[in-house]
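Descriptive analysis of the structure
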Amino acid sequence: MIRLNSETPSDVLQEVKIGHMVTDTFSKTGLVESIEVSDDGLYRIYEFHLVTGRTITVKK
């Protein structure tokens, strides 16, 4: 299981693929259904959409 939070290294965030089991260390745990990566100029924003319907967002 991969722990996703603001302290997770960028290379680990980029290696997460659909089907990986992830957690945000609080209440969101599940398999990754889709991944969106965007850049707002200041942060790179990773959104991991889980099969449970929840989303884990990490700004790096």
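Placed above this text is the structure.
Everything quoted here is computed from the prediction, not taken from an experiment. (Residues numbered from 1 in each chain as written. Predicted model: local features only at pLDDT ≥ 70, side-chain atom pairs only at ≥ 80, totals over all residues. Heavy atoms only, no water.)

1. Some remarks on the nonpolar core
The criterion, for reference: For our purposes a nonpolar core is just a set of buried Ala, Val, Leu, Ile, Met, Phe, Trp, Tyr and Cys residues, chained together by side-chain atoms within 4.5 Å. Burial here depends on accessible area, computed with a 1.4 Å probe over protein chains only, as a share of the maximum for the residue type. Under 20% is buried, over 50% is exposed, and the range in between is partly exposed. Only DSSP runs of H or I with at least four residues qualify as helices, and only runs of E with at least two residues qualify as strands; both kinds are numbered from the N terminus onward.
Leu4, Leu13, Val16, Val22, Val32, Tyr46, Phe48, Leu50, Ile56 and Val58 together form the largest nonpolar core, which totals 10 residues. At the level of elements, β4 (44–50) and β5 (55–59) are the ones that each hand at least two residues to this core. Counting residues per element, this core draws most heavily on β4, which supplies three residues.

2. Things to note about the side chain of Thr23
Filter applied, for reference: N or O atoms within 3.5 Å of each other form a polar contact, as long as, within protein, one can give a hydrogen and the other can take it, and as long as residues adjacent in sequence are counted only when both atoms are side-chain atoms. Between two residues, a contact is recorded if the distance between any of their heavy atoms is within 4.5 Å.
Along the polypeptide, Thr23 turns up in strand β2 (residues 21–23). Relative accessible area serves as the criterion here: at 9%, Thr23 is assigned to the buried category. Engagement of the side chain of Thr23 in a polar contact is seen with the backbone oxygen of Lys28, the distance being 3.3 Å. Those residues in contact with Thr23, other than ones at most four positions away along the chain, are Met1, Ile2, Arg3, Leu4, Lys28, Thr29 and Ile56.

3. Here's the deal with the side chain of Thr8
Note on placement: Thr8 falls in the loop between β1 (2–3) and α1 (10–15). What makes Thr8 buried here is its relative accessible area of 5%. At 2.9 Å, the side chain of Thr8 forms a polar contact with the backbone oxygen of Arg3. Side-chain polar atoms of Thr8 contact the backbone nitrogen of Asn5, separated by 3.0 Å. The residues touching Thr8, leaving out its near neighbours within four places in the chain, are Arg3, Leu13 and Lys60.

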